Amino acid sequence: MGSVLPLLHVIGVIVSILALTMLVPVAFSWGAGDAALGSFMKALLLTATCGLGLYLATRRFRRELRPRDGFLLVTLVWTVLPAFATLPLMFQLPGMNFTDAYFETVSGLTTTGATVMTGLEKLPVSINVWRCLLVLLGGMGIIVLAVAILPLLGVGGSQIYKAETPGPMKDTKLTPRIAETARGLWAVYFGASVVCFFAFAAAGMGWADAFMHMCSTMGLGGFSSYDASFGAFQSPAIEAVAVCFMTLAGINFALYFLVWKKRSVAVVLRDVEARTYLGVMLFGVLAVALLLTAHGTYPTFLESLRHAAFNVVSIATTTGFASVDYALWPVFAPALMLLMCCFVTSAGSTGGGIKMVRALILVKQAKRELVRIVHPSAVNPVRIGTTAVDNTVLFSVLAFMLVYGATVMFMTLVLLLTGLDLVTAASAVIACINNTGPGLGQVGPSGNYQGLTDFQTWVCTATMLLGRLELFSILVLFSPQFWRK
């Protein structure tokens with residue numbers, strides 16, 4: 001029990017931080033005069049009481065975290081925080097059960113954007129603000145925020161950072177101290193978010209809508225305050241702003257940190273993963289635009305390009321916004337978009353999925369094997385740019401892909417056993433494990449996850465958590481070796 005108490009101490013800190021973030025929807029509720037103010041005040045009080053109580057009860061047990069602590073803590077935090085985040089929804093929306101509320105808040109914090117809610121326009125503005133704010137917090141990872149703060153409380157955070165940070169190369173540090181790195185990343189994230197907010201407002205959004213959609217855009221989460229998502233605005237200017245910032249948020253934020261330190265955008269242009277990401281994105285947009293034009297889906301190429309750019313970028317970056325029902329497009333288009341969401345975003349971005357760097361490593365490893373067959377004695381290391389990839393990273397990527405494929409197949413089979421059709425089941429799992437949100441069929445852009453049974457909802461909830469923490473951070477807890485001293 002003694003080994004768990006230091007983790008509970010850190011959880012108390014992070015739950016207390018979550019309580020503070022509830023002041024944002026409280027301010028919106030007070031300003032708008034909506035009916036949810038009392039619900040948020042009760043939720044804030046209960047969350048703060050639990051967080052501070054846990055912190056004070058366990059403060060004498062704080063210590064530097066060990067590697068296994070990091071994995072256990074990250075999993076605990078990402079399962080506990082959504083439970084507290086459900087409180088405003090449960091208090092304010094009488095028809096909302098815990099299963100649906102937990103799905104909604106997990107979807108927000110994992111930046112998935114899948115929803116079980118309809119009639120979003122009729123909800124109190126503060127409820128929609130809370131949903132979208134969860135995406136912003138989850139985007140960079142509330143864990144990284146805690147890493148920046150924990151050293152001030154006498155608790156080191158490097159093991160949490162390694163467990164939560166997406167991508168195969170977790171030991172790369174931008175600064176000598178991990179807390180300084182975390183604060184730097186949050187500064188970049190916050191600065192970009194402010195610019196995005198004002199860009200949406202300048203393009204014609206109201207201030208509340210600009211704030212909410214900024215949260216969802218920078219977090220690549222896809223929550224909206226409208227059932228029709230961006231289709232409610234019918235504005236090319238607003239869509240253009242979203243395309244720009246979704247694309248930027250899909251690039252490794254560490255590169256922006258280095259751009260700021262070196263005062264040069266060449267850092268991004270020299271990065272192999274970023275260049276490949278932008279190239280694949282451009283190819284996807286042009287391919288879908290040409291397809292839509294060839295099929296006469298839209299009367300002109302420019303209109304096809306507009307809708308292709310917004311929806312392809314949205315799905316490929318795992319954001320999940322929609323401006324039209326792209327499920328009605330020629331089937332190749334939504335299928336390509338769903339494929340792109342599996343790997344297009346960069347490691348260190350706010351997006352989900354396999355990550356572009358892993359895809360690059362796999363392609364280069366396949367090429368190396370082809371060369372080895374012809375020239376068995378050739379020395380041909382896998383390189384990303386000028387850096388040779390260590391074999392431990394290669395093995396890690398191969399293992400990740402094996403587990404990723406097995407998880408997708410297993411979860412799809414589970415949903416098929418419950419009676420879902422193949423298109424809905426497979427696309428729901430792909431959309432959830434990649435933290436994309438909308439899939440196809442019943443969970444397509446014109447529908448949502450509301451029609452799923454409670455069991456199906458929990459399967460999708462677990463899949464979102466597995467995807468956000470990149471599988472191993474959770475699955476390692478089920479290994480007997482993890483619990484042996």
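This is a predicted model, so every value here is computed, not measured.

**Student:** Explain the overall build of the chain residue by residue, including any values.
**Tutor:** In terms of regular secondary structure, the chain is built from 23 helices and two strands. Its C-alpha atoms put the chain at 65 × 55 × 55 Å along the principal axes. When the 485 residues of the chain are sorted by exposure, 58% land in the buried category. Look at the contacts in the chain between residues 6 or more apart in sequence, and 71% of them connect residues 24 or more apart. As displayed, the chain offers around 19800 Å² of accessible surface, 69% of which is attributable to carbon and sulfur atoms. Of note, the chain has its 30 positive side-chain charges centred 14 Å away from the centre of its 21 negative side-chain charges.

**Student:** Run through the side chain of Glu273, naming residues and quoting values.
**Tutor:** Looking at the secondary structure, you find Glu273 in helix 15 (residues 272-294). Among the polar contacts made by the side chain of Glu273, one reaches the main-chain amide nitrogen of Ala347 at a distance of 2.9 Å. Those residues in contact with Glu273 that sit more than four places away from it in its chain are Thr345, Ser346, Ala347, Met356, Val357 and Leu360.

**Student:** Account for helix 12 (residues 236-249), with residues named and values stated.
**Tutor:** If you check helix 12, its first and last C-alpha atoms are 20 Å apart, about what 14 residues at 1.5 Å a residue would give, namely 20 Å. Buried within helix 12 are the following residues: Ile238, Glu239, Val241, Ala242, Val243, Phe245, Met246, Thr247 and Ala249.

**Student:** Could you give me a rundown of the pattern of salt bridges, with the residues and numbers involved?
**Tutor:** Applying the stated criterion across every chain yields a total of five salt bridges. A salt bridge links Arg131 to Glu104, with the shortest nitrogen-to-oxygen separation between them at 3.0 Å. You can see Arg131 sitting in helix 7 (residues 125-140) and its partner Glu104 sitting in helix 6 (residues 98-109), a full 27 residues away along the chain. Accessibility expressed as a relative area gives 2% for Arg131, which makes it buried. Arg306 is the partner of Glu239 in a salt bridge, and the nearest nitrogen-oxygen pair spans 2.8 Å. A residue pair is termed long-range when its members are at least 10 positions apart, and Glu239 in helix 12 and Arg306 in helix 16 (residues 301-316) qualify at 67 residues. We classify Glu239 as buried; its relative accessible area is 4%.

Rules used throughout
Residues numbered from 1 in each chain as written. Predicted model: local features only at pLDDT ≥ 70, side-chain atom pairs only at ≥ 80, totals over all residues. Heavy atoms only, no water. Helix = DSSP H or I, 4+ residues; strand = E, 2+ residues; numbered from the N terminus. Buried < 20%, exposed > 50% of the residue type's maximum accessible area, 1.4 Å probe, protein only. Contact = heavy atoms within 4.5 Å. Areas by Shrake-Rupley, 256 points an atom, 1.4 Å probe, with all protein chains shown as cover. Lys, Arg positive; Asp, Glu negative; His and termini not counted. Charge placed at Lys NZ, Arg CZ, Asp CG, Glu CD. Polar contact = N/O pair within 3.5 Å; in protein donor to acceptor, adjacent residues only side chain to side chain. Expected span 1.5 Å × (residues − 1). Salt bridge = Lys/Arg side-chain N within 4 Å of Asp/Glu carboxyl O.

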